[in-house]
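Each chain is listed here by its residues.
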Amino acid sequence: MSERTVRIEAFSRVEGEGGLHLTIRQGQLHEVRLEIFEPPRLFEAFLRGRKAEEVPDIVARICGICPVAYQMSSVHALEAALGIEISPEVRRLRRLLYCGEWIESHALHMHLLNAPDFLGFESGLKMAEFHRAEVERGLRLKKHGNQLLEALGGRAIHPVNVALGGFHRLPRREELAALIPDFEWGVQAACDVVRWVAGFEFPDFDGNYEFVSLVHPDEYPFNEGAIASSDVMTSVDNWTERFEEFQVPHSTALHALQLGHDRPYLVGPLARLHFNRERLLPAARRLADEIGLEHPCHNPFKAIVARGLELVQAYEEALETLRQYRPTGAARATASGGPGVGSAATEAPRGLLWHRYEVEPDGTVRRATIVPPTSQNQAQIEYDLKSYLSSLADSSDETLAGKAENLVRTYDPCISCSTHQMRVKIDRD
Amino acid sequence: MSGLPKLAVYKFASCDGCQLTLLDCEDELLAVAAKVEIGYFLEATSGVRGGPYDVALVEGSITTPHDAERIREVRRQARYLVTIGACATAGGIQALRNWADSDEFMRAVYARPDYIQTLATSTAIADHVPVDFELRGCPIDRHQLLEVLGALLNGRQPRTPRHSVCLDCKRRGTVCTLVAQGTVCLGPITQSGCGAICPTYDRGCYGCFGPCGQPNVVSLSDEFQRRGVPAETLVRSLRTFNGNAPEFRSEGQRLSAIARKEK
């Protein structure tokens, strides 16, 4: 009786597969292990020897939910390695493509994966039997994200139009302009979604986070900026001087920590909002005040509200770009050969995604390093579970498992991404 | 219990994109969900109802000893098993390990490869258990997915065309990128299904739906070689998401022997 274990064999309503192992000793929560058993796919090994221009199509396959994030971090890192300058138009269209992915991914997570926890349903599909209008609105928003990805990227999952230096082809004006009416509706609908989720009942929990996100002086961050944490700004080129990856026995995804800190850190919507709230576009910013979201916000259950504000932000920015778009100039800057070394970070829907490439003189990849957001969040998730569940150690296994799963979903973990796999530097037992 | 056909969705080594395609059927999702009882679909629901299942959709390839066992149980529980996507039908991009030293791959990625159990190869579901229908694509196309589900719900055999991407380019009126610009394009040997997207974005098809029916792969690579494309480039273009599909695999092997000589 002095020791019991609670296991969640496989989480539901998360992307990819992982489980949880809790050990309770003498009535105290002794150990929490987020177990990631997704089979390794070894991307960093087989990227070696591939041509730099093949990389964006290959790394997209790390994640079906956020392929654009992988394409964006890879093209920016390779452009840095090869000294390619992109045009302002390409830069804006890349942000537009990212808006499509944020809209699709955030609308999916909010409606089909996370909201059912607050309203007490096993799935978004069951929730639709009682909240039909809200789920239909969410699906319509999600569809707009996919339509934008299709117009600009060719298709929603694993878009085909992203190239080193820009795009294979610039969209015609009418291909993008056709989306304007839907996006006008979407800005308002997304605002209503935020008002809806802001009214949920949130468990009381303070993660007291060390946040990490990109920060850009003029914009809400997507493709560019420095890496902000509580005490310092780090250039994307210096990631390895500030952060470190390590392997643990119970996960095929590497963990990460910030050097000189004894606590983990959090990436994702709460972190982005923490550093960039004043750079939200007007509708999103007004709404953040209207709903009274506290700043800073350290409650992970409220990430759904932050995600909602980013949904509004993505609609607002996309609408502006769609209205102003006139194709001019070349679709892409021409690539020069290697050698070179470059890194880049962009903001995937679930947080900072860092890539680094070394390119040979013949333009093939010598070395690739990819650090996805969910790997970075793993240690924080375990840490939060331990403090959140510690007062509940007397509860039944079912209650504990249920509460644990609710908390895990708030990070929108993408386990497929986290186990793509990464190169390792150190090991701690 | 409900009298509705019971559906299960499983994941093996994959990116999640093919099962996401089901959730991407935004207009049809609620209607489809009303016609089936979802027995097992972890990405969409916490509700799990035991097998057997009338239809199992299987995403991902077999890369671990555990998964090689698990797929047998999935097969036992499924009346009709459909593989969805390039990983499940051909081994996926992770099958690139099949032509490499997989121990070296593991060492390149993990400091402690001994923590992790993995196989030396990534293989298709059909290499392990009988498969009733294979849906192609990296990712699959949602219209084809709806055709398969619609057919099975109505008790008929699903049908997806086996012709090449070329035919779709002609239908769309897309100028041939291979003929007009000399681009390396796998359209002539790749199965239809994506809608012939890449040539409309000014690039060659990269084969994400795998080999079409009776592909003349050798003839196409001979033509590219006559035009001066190195064998090594052709090996790389065949060895992506469907590199382990039989027709692409054998031509990849033939060309890589030529590439070694060219070096």
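Residues numbered from 1 in each chain as written. Chains lettered and ligands numbered in written order. Predicted model: local features only at pLDDT ≥ 70, side-chain atom pairs only at ≥ 80, totals over all residues. Heavy atoms only, no water.

I'm lost on the overall build of chain A in this one. Help?
When helices and strands are counted, chain A shows 15 helices and 14 strands. Compactness check: chain A gives a C-alpha radius of gyration of 21 Å against a globular reference of 22 Å for 429 residues, within 12% of the reference. Sorting the 429 residues of chain A into buried and exposed places 68% on the buried side. Residue pairs in contact within chain A that sit at least 24 positions apart in sequence constitute 71% of those at least 6 positions apart. For chain A, the exposed area adds up to about 13,800 Å²; of that, 48% sits on carbon and sulfur atoms. (Helix = DSSP H or I, 4+ residues; strand = E, 2+ residues; numbered from the N terminus. Rg over C-alpha atoms; globule rule 2.2 N^0.38 Å. Buried < 20%, exposed > 50% of the residue type's maximum accessible area, 1.4 Å probe, protein only. Contact = heavy atoms within 4.5 Å. Areas by Shrake-Rupley, 256 points an atom, 1.4 Å probe, with all protein chains shown as cover.)

Please explain the interface of chain A and chain B as it appears in this structure.
Many analyses report the size of an interface as the accessible area lost when the parts associate. Opposite the 73 residues of chain A that make contact, chain B presents 60 residues. With both sides pooled, the region where chain A packs onto chain B buries about 5,600 Å², and carbon together with sulfur makes up 59% of that total. Of all residues in chain A, R41, L42 and L125 of chain A bury the most surface against chain B, accounting for 11% of the area lost on that side. Counting every contact that joins chain A to chain B gives nine salt bridges. Remark: the boundary between chain A and chain B carries 33 residue pairs in polar contact (both at pLDDT 80 or more). Mapped by element, the contributors of at least two residues to the side of chain A that touches chain B are α1 (43-46), α2 (55-60), α4 (88-119), α5 (124-127) and α6 (132-153) of chain A. Per-element accounting of the side of chain A that touches chain B gives the leading share, 10 residues, to α6 of chain A. Here the side of chain A that touches chain B is built from residues that sort into 29 nonpolar, 17 polar and 27 charged. (Buried area = accessible area lost by both parts, 1.4 Å probe. Salt bridge = Lys/Arg side-chain N within 4 Å of Asp/Glu carboxyl O. Polar contact = N/O pair within 3.5 Å; in protein donor to acceptor, adjacent residues only side chain to side chain. Nonpolar A, V, L, I, M, F, W, Y, C, P; charged D, E, K, R; others polar.)

How should I be thinking about the nonpolar core in this particular structure?
Note on soluble globular proteins: their nonpolar side chains tend to be buried together. Within the largest apolar cluster, 181 residues are counted, with the highest numbers of intra-cluster contacts made by L20, F183, Y357 and L385 of chain A together with L57 and V82 of chain B. At 15 residues, α4 of chain A tops the list of elements feeding residues into this core. One finds C185, C205, V229 and V235 of chain B within the second-largest nonpolar core, a separate group that totals 19 residues. (Core = buried A, V, L, I, M, F, W, Y, C linked by side-chain atoms within 4.5 Å.)

So what exactly am I meant to see when it comes to the sheet that holds strand β1 (residues 3-8) of chain A here?
Consider a sheet: its strands pair through backbone hydrogen bonds, and that pairing is either parallel or antiparallel. Residues and elements named next belong to chain A. The strand order β1-β2-β3 describes an open sheet built from three strands, whose pairing is antiparallel. Edge positions in the sheet fall to β1 and β3 (28-36), since each of these pairs with one other strand and no more. Shown here is a sheet whose adjacent strand axes are inclined to one another by a mean of 15 degrees, direction ignored. Pairing of strand β2 (residues 18-25) with β3 involves eight bridges; the strand directions are antiparallel. Considered in β3, the bridge of T23 is made with E31. Contacts from helix α13 (residues 373-390) reach β2 and β3 within the one sheet, and its direction differs from that of β3 by about 150 degrees. Packed on one face of the sheet, helix α14 (residues 397-410) meets β1 and β2 and runs near 45 degrees to β1. (Pairing = 2+ DSSP bridges. Axes fitted to C-alpha atoms, helices over the stretch in contact; angles between N-to-C directions.)

Teacher, can you tell me more about the side chain of K142 of chain A here?
Tracing the chain through its elements places K142 of chain A in helix α6. Contacts of K142 of chain A, omitting those with residues within four sequence positions, involve E104, A107 and L108 of chain A together with L23, D24 and E26 of chain B.

Would you mind going over the pattern of salt bridges with me for this structure?
Oppositely charged side chains can pair when the atoms bearing their charge come close. Using the criterion set out here, one finds 56 salt bridges over all chains in the structure. Residue R13 of chain A pairs with D117 of chain A through a salt bridge whose shortest N-O separation is 3.2 Å. Here D117 of chain A lies in helix α4 and R13 of chain A lies in the loop between β1 and β2, a separation of 104 residues in the sequence. Accessibility assignment for this pair places R13 of chain A and D117 of chain A in one class, buried. Among the salt bridges present, the one from R226 of chain B reaches E223 of chain B, with a minimum N-O distance of 2.8 Å. One end of the pair is R226 of chain B and the other is E223 of chain B, both in helix α10 (residues 217-226) and three residues apart, which spans about a single turn. Overall, the relative accessible area of 63% leaves R226 of chain B in the exposed class. The partly exposed category is assigned to E223 of chain B, whose relative accessible area is 25%.

Sorry, what's going on with the packing of helix α3 (residues 67-82) of chain A against α4 of chain A here?
A packed helix pair is summarised by two numbers, namely the angle formed by the two axes and the spacing between the axes. Residues and elements named next belong to chain A. Taken N-terminus to C-terminus, the directions of α3 and α4 make an angle of 155 degrees; their axes are 9 Å apart at the nearest point. Between α3 and α4, the interaxial angle falls into the category roughly antiparallel. Considering only the axes of α3 and α4, their crossing is left-handed. Where α3 abuts α4, its residues P67, V68, A69, M72, V75, H76 and E79 lie against R94, L97, Y98 and E101. (Parallel < 35°, antiparallel > 145°, perpendicular 65-115°, else oblique. Left-handed = near helix turned anticlockwise from the far one by under 90°.)

Would you mind showing me how to read empty space enclosed by the protein here?
Space left empty within the atom packing is revealed by a probe, the size of a water molecule, rolled over the atoms. Following the criterion strictly, the structure yields 10 cavities of 30 Å³ or more and no others. Estimates place the volume of the largest cavity at around 100 Å³. Forming the boundary of the largest cavity are 20 residues, of which C15, C18, A86, C87 and C138 of chain B lie nearest the centre. Looking at the lining of the largest cavity, the elements that each hand over two or more residues are α1 (17-23) and α4 (86-90) of chain B. For the lining of the largest cavity, a count of residues per class yields eight nonpolar, eight polar and four charged. Volume-wise, the second largest cavity comes out at about 80 Å³. Taken together, L266, V267, G268, P269, L270, P300, A303, R307, R350, N377, T410 and Y411 of chain A make up the lining of the second largest cavity. Elements represented by at least two residues in the lining of the second largest cavity include exactly α10 (269-276) and α12 (303-324) of chain A. Of the residues that constitute the lining of the second largest cavity, the class distribution is seven nonpolar, three polar and two charged. (1 Å grid on protein atoms, 1.4 Å probe; cavity = no way out; pocket = protein on both sides within 12 Å on 5 of 7 lines; lining within 4 Å. Points joined across faces, edges and corners; volume = space filled by probe spheres on them.)

What's the story with the confidence of the model for chain B in this structure? I'm lost.
In low-pLDDT regions, the fine details of the predicted coordinates are not to be read closely. Across chain B, the average pLDDT comes to 94, with 99% of residues at 70 or higher. Reported confidences for the modelled complex are a pTM of 0.95 and an ipTM of 0.96. (pLDDT = per-residue confidence, 0-100.)

Would you mind going over the pairing of strand β9 (residues 243-247) of chain A with me for this structure?
Moving residue by residue along a regular strand, the side chains alternate between the two faces of the sheet. Residue and element names in this part refer to chain A. Most of β9 is tucked away, with five of its five residues classed as buried. Here β9 shows two buried faces, one formed by F243, E245 and Q247 and the other by E244 and F246. Sheet analysis places β9 next to strand β10 (residues 255-258), joined by four bridges and oriented antiparallel. Looking at β10, one finds that E244 is bridged to L257.

Before we go on, may I ask you to explain the environment of R409 of chain A in this structure?
Counting through the fold element by element, R409 of chain A comes out in helix α14. On the basis of relative accessible area, R409 of chain A is assigned to the buried category, the value being 2%. For the pair R409 of chain A and L266 of chain A, spaced 143 residues apart in sequence, the C-alpha separation works out to 14 Å. Setting aside chain neighbours within four positions, we find R409 of chain A in contact with S12, R13, V14, H109, L113, N114 and D117 of chain A together with S46 of chain B.

It is not clear to me how the confidence of the model for chain A should be interpreted in this structure. Could you clarify?
Summary statistics for chain A give a mean pLDDT of 92 and a share of 97% for residues scoring 70 or more. Confidence drops under a pLDDT of 50 for residues 420-429 of chain A, and excluding neighbours within four residues, the segment shows 54 contacts in the predicted structure.

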